[in-house]
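So you can see what is in the structure, the chains are spelled out below.
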Amino acid sequence: MEKKHVRTGIVGSGFSASFHFEAVRKIYGTDVEIVGNYSVDTEGAAAYAKQRGIKAFDSLESLIDAVDVVHCCTPPYAHEAVSVAALEADKFVICEKPLTGYFGDGSGDFHGERFAKQIALDTALESVDRIIEAEQNSKGRLLYAENWVYMPSIQKEREILEKTGAQILWIHGEEAHSGSHSKDYAYWSRCGGGVLIGKGCHPLTAALYLKRVEGNARDGKPIRPKTVSARAHSLTRMDSFRDEGHIRCNYYDIDDFSIMHVEFEDGTLADVIASDIVVGGIHNWLEVCANNHRAVCNINPNTAMQTYNPVEANFKDIYVVEKIETKQGWACTSPDEDWFTGYPQEMEAFYRTVAYGEPPQSDSLLAADSISTIYSAYLSAERKGAAVDVRTY
Ligand SMILES: NC(=O)c1ccc[n+]([C@@H]2O[C@H](COP(=O)([O-])OP(=O)(O)OC[C@H]3O[C@@H](n4cnc5c(N)ncnc54)[C@H](O)[C@@H]3O)[C@@H](O)[C@H]2O)c1
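Here is what the cut-offs are and how they apply
- Note that residues are indexed from 1 along each chain, following the sequence as it is written.
- Side-chain atom pairs in this predicted model are given and counted only at pLDDT of 80 or more, local residue features only at pLDDT of at least 70, and totals for whole chains, interfaces and linings cover all residues.
- Hydrogens are left out, water is left out, and the side-chain values use all remaining heavy atoms of the structure.
- Working convention: axes come from line fits to C-alpha atoms, limited for helices to the stretch in contact. Angles between N-to-C directions cover 0 to 180 degrees.
- In this text, helices come from DSSP runs of H or I with a minimum length of four residues, and strands from runs of E with a minimum of two, each type numbered from the N-terminal end.
- Roughly parallel covers angles under 35 degrees, roughly antiparallel covers those over 145, roughly perpendicular covers 65 to 115, and oblique covers all other angles.
- Crossing handedness is read from the near helix: turned anticlockwise from the far helix by less than a right angle, it gives a left-handed crossing, and turned clockwise, a right-handed one.
- Every residue pair with non-hydrogen atoms within 4.5 Å of one another is taken to be in contact.
- By the convention adopted, Pro, Cys, Tyr, Trp, Phe, Met, Ile, Leu, Val and Ala count as nonpolar, Lys, Arg, Asp and Glu as charged, and the other residues, Gly among them, as polar.
- Between buried and exposed lies partly exposed: a residue is buried under 20% and exposed over 50% of the maximum accessible area for its type, with that area taken using a 1.4 Å probe on protein chains only.
- Pairing between two strands requires that DSSP report at least two bridges joining them.
- A clockwise course of the path from the first strand over the helix to the second, judged with the strands pointing away from the viewer, identifies a crossover as right-handed.
- The term salt bridge refers to a pairing of a side-chain nitrogen on Lys or Arg with a carboxyl oxygen on Asp or Glu at a separation within 4 Å.
- Centre distance within 6.5 Å is the pairing criterion for rings of Phe, Tyr and Trp, where only the six-membered ring of Trp is used; planes under 30 degrees apart are then read as stacked, over 60 as edge-to-face, and the remainder as tilted.

K.L.:
Honestly, the packing of helix H7 (residues 152–164) against helix H10 (residues 201–219) in this entry has me stumped. Any pointers?
P.N.:
How two helices pack is summed up by the angle between their axes together with the distance between the axes. Running from amino to carboxyl end, H7 crosses H10 at an angle of 25°, the nearest separation of the two axes being 9 Å. Overall, the two elements H7 and H10 adopt an arrangement that is roughly parallel. Read as a crossing pair, H7 and H10 show a hand that is right-handed. From H7, Ile-154, Gln-155, Glu-157, Arg-158, Leu-161 and Glu-162 reach across to H10, where they touch Ala-206, Tyr-209, Leu-210, Val-213 and Ala-217. The class makeup of the residues in the contact of H7 with H10 is seven nonpolar, one polar and three charged.

This is the structure:
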């Protein structure tokens, strides 16, 4: 079969714009042409484009006009505007996580700890509604770039659920490291919250996804979240925090430690921990405890490869694994980190949707349930962990 030709464009020129580009280049089932990029940082966009031999567009609209698919790799506050603009032009959009959120009241002195979280929940869901409405009126679709859904270990668990009719009783998972590189990640007004949304969205969405898979496989009906209880803390902003230089600690108004306890409509559970206080590299894992099996999905670190290096300098030109503080001694060196993280798999799958109409695993409704659970969790945290009902999509 001849591969379909699809033109694509990237919005943003930072960290995620880079790994999206690399993952798109690995696509084999669709003939993808990366036409260009656009970013509000015109210098950064020009450098990004030059390095990759693509065109830097001078406006979002001109990029959207020139492509079939738009990758939204901006900070969360711009996801709705970019996604809706692409959908209104009948284009597909591949939107980074989180789908959208609540980014404050626009005032200069907005502070993430000094507003009613019910406002955040209501406003975030209004934003979700606008995106979904734009999708419903569009010939394009929103594909939600939650790489945890596409990680090989999560997709293997999907196969187990589908073929054995398992009932998941409890999922627990974590995403953590020692702090994001992003300057915007420090301000609620740019990210829609702190670690609970920024990192918590990953294992949470994987848990929501697996319960959907379970329900669809057994009864043709997804199992949705019902309530969430949560706590959120700011450990590195405590007066008593002792900075030794290993953990990022210059956040303005966001949480850096969070726990969400989700109860699904069938009474089963998921617990998600997310934090910015863990040294030793990325700590991303998810475990499924089902009635007929147990699965431990080790994402990072994992032991696919381990290296022992007696002299730090020996590995100076060698990429070992994300966010590790030292390359000396034993390390869980990743032979292909992007693969374990699901980046190439998600792009391959998204372009099968764009080109050949395959239903996506990670869509706007999964993203919407994730946002709804997250902001209900912030409301619960404000109420010191009282259970809050989750609206589902
Ligand atoms: N899935 C993952 O593993 C993963 C990892 C990192 C980041 N992310 C997500 O990717 C998104 C971007 O994060 P990042 O780390 O790439 O940030 P970044 O700061 O490295 O890059 C953001 C880029 O967006 C541009 N930008 C900002 N506002 C814009 C606007 N209104 N229009 C166009 N361009 C705009 C900036 O100039 C910059 O080039 C976030 O939503 C983040 O949560 C996902």
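K.L.:
What's the story with the pairing of strand E4 (residues 69–72) in this structure? I'm lost.
P.N.:
Residues in a regular strand point their side chains to alternate faces of the sheet. Burial along E4 is two-sided: Val-69 and His-71 and Val-70 and Cys-72, pointing in opposite directions, are all buried. As paired strands, strand E1 (residues 5–11) and E4 are joined by four bridges and run parallel to one another. Note on E4: the bridge partner recorded for Gly-9 is Val-70. Sheet topology places E4 next to strand E5 (residues 92–96); four bridges connect them, and they run parallel. Counterpart to Val-69 in the pairing with E5 is Phe-92. Handedness of the E4-helix H4 (residues 79–88)-E5 crossover: right-handed.

K.L.:
Would you mind going over the pattern of salt bridges with me for this structure?
P.N.:
It is possible for side chains bearing opposite charge to pair when their charged atoms get close. Summed over all chains, the structure comprises 21 salt bridges. A salt bridge links Arg-352 to Glu-358; the shortest N-O distance between them is 3.0 Å. Look at Arg-352 and you get partly exposed, because its relative accessible area is 26%. Within the structure, one salt-bridge network assembled from shared partners comprises Lys-211, Glu-214, Arg-218 and Asp-266.

K.L.:
Where do I start with the packing of aromatic side chains in this structure?
P.N.:
Given two aromatic rings, their pairing is described by the distance between the two centres and the angle made by the two planes. This model, assessed by the stated rule, comprises 14 aromatic pairs. Taking the centre distance of 5.3 Å and the plane angle of 75° together, the rings of Tyr-150 and Phe-350 count as edge-to-face. Here Phe-350 lies in helix H12 (residues 343–356) and Tyr-150 lies in helix H6 (residues 147–150), a separation of 200 residues in the sequence. As far as burial versus exposure is concerned, Tyr-150 and Phe-350 are alike and both buried. Judged by centre distance (6.0 Å) and plane angle (45°), the ring pair of Tyr-375 and Tyr-378 falls under tilted. Here Tyr-375 pairs with Tyr-378, and both are found in helix H13 (residues 364–382), just three residues apart, close to one helical turn. Neither Tyr-375 nor Tyr-378 differs from the other in exposure class; each is buried. Among the aromatic side chains, those forming a connected cluster through ring pairs are Tyr-102, Phe-110, Phe-115, Trp-188, Tyr-375 and Tyr-378.

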